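Now for the letters of each chain:
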Amino acid sequence: MENWLVVSETTIIKVVLSVISIFTVMIVITRINGLRTFAKMSSFDFAATIAIDSVLASIVLNINQSLVKGTIALACIVAFQSIFSWLRRKSKTMQHLISNDPVVLMYQGEIFYEN
């Protein structure tokens, strides 16, 4: 019986193997897709990073989750992020629809409340 202070050896081994496996998968996916997976944080990139983190955490902490299912989920998130970024770069219309223009909120100590 497990509680919040006692964990079986089997559970510890599963968690350690899950961490090693899923982070290896994440390194491979990042090497294939490039460092942009975690760089240049647009709002979409930030959301994708949060989704990736959530998948990683659920796979590592939930011993009933499949590593294959987690790997597929990670690959899909990163692939969608890549396609989304490519569309944003290639199409002015998509860039305009997806990206927000920066807004100046403060300049030289003056807050622009209207922004």
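Residues numbered from 1 in each chain as written. Predicted model: local features only at pLDDT ≥ 70, side-chain atom pairs only at ≥ 80, totals over all residues. Heavy atoms only, no water.

1. Focus: the confidence of the model for the protein chain
Condition: One confidence number per residue, pLDDT, is output by the predictor and ranges from 0 to 100. Going along the chain from the N terminus, every DSSP run of H or I of four or more residues is numbered as a helix, and every run of E of two or more is numbered as a strand.
Residues of the protein chain with pLDDT of at least 70 account for 87%, and the chain-wide mean is 80. The secondary-structure element of the protein chain with the lowest mean pLDDT is helix H4 (residues 92-98), recorded at 77, while strand S2 (residues 110-111) shows the highest, at 89.

2. Quick look at the environment of Thr11
Selection criterion: Summary of the burial criterion: residues with accessible area below 20% of their type's maximum are buried, those above 50% are exposed, and those between are partly exposed, where the area comes from a 1.4 Å probe applied to protein chains only.
Mapped onto the elements of the fold, Thr11 is located in helix H1 (residues 9-33). Classification of Thr11 by relative accessible area gives buried; the value is 13%. For the pair formed by Thr11 and Ile63, sequence separation is 52 residues and the distance between their alpha carbons is 7.3 Å.

3. Quick notes on helix H2 (residues 43-61)
Our working rule: Expected helix span is given by 1.5 Å per residue-to-residue step, counting one fewer step than there are residues. The arc in question is the one traced by the directions running from the helix axis out to the C-beta atoms. Any two residues whose heavy atoms approach within 4.5 Å are treated as being in contact.
With 19 residues, H2 ought to run about 27 Å at 1.5 Å a step, and its terminal C-alpha atoms sit 27 Å apart, in line with that. Among the residues of H2, Phe44, Asp45, Ala48, Thr49, Ile52, Val55, Leu56, Ile59 and Val60 are the ones counted as buried. The arc that holds every buried residue of H2, seen down its axis, measures 140°, which confines them to one face. Residues of H2 that are exposed and angled more than 90 degrees away from the buried face: Ser43 and Leu61. Tucked into the core, H2 has its buried residues touching H1 and helix H3 (67-90).

4. Details of the environment of Asn64
In this structure, Asn64 sits in the loop between H2 and H3. On the accessibility criterion, Asn64 (71% relative accessible area) is exposed. Residues Asn64 and Lys14, spaced 50 residues apart in sequence, show a C-alpha to C-alpha distance of 9.7 Å.

5. As for unusual backbone geometry
Although it is not a glycine, Gln108 sits at a positive phi angle of roughly 50°. Its location among the elements puts Gln108 in the loop between strand S1 (106-107) and S2.

6. Quick look at H1
Quick reminder: α-helices carry 3.6 residues per turn. Residues three or four places apart thus point the same way. Taking 1.5 Å of rise per residue, the 25 residues of H1 would be expected to cover 36 Å, and the 36 Å separating its terminal C-alpha atoms lies within 8% of that figure. Along H1, the residues that are buried comprise Thr11, Ser18, Ile22, Met26, Ile29 and Thr30. Each element contacted by the buried residues of H1 is listed here: H2 and H3.

7. Some thoughts on a nonpolar patch on the surface
The condition that has to hold: Put simply, a patch holds well-exposed residues, over 30% relative accessible area, that have no salt bridge, with like charges counted together within 9 Å and Val, Leu, Ile, Met, Phe, Trp or Tyr side chains within 5 Å. A 1.4 Å probe and the Shrake-Rupley method give the accessible areas. Residues count as covered only by the protein chains that appear here. Any Lys or Arg side-chain nitrogen located within 4 Å of an Asp or Glu carboxyl oxygen qualifies as a salt bridge.
A cluster of nonpolar side chains, namely Val7, Ile12, Ile13, Val16, Leu17 and Ile20, defines an oily patch on the protein surface of about 530 Å² accessible area. Turning to its location among the elements, Ile13 is positioned in helix H1.

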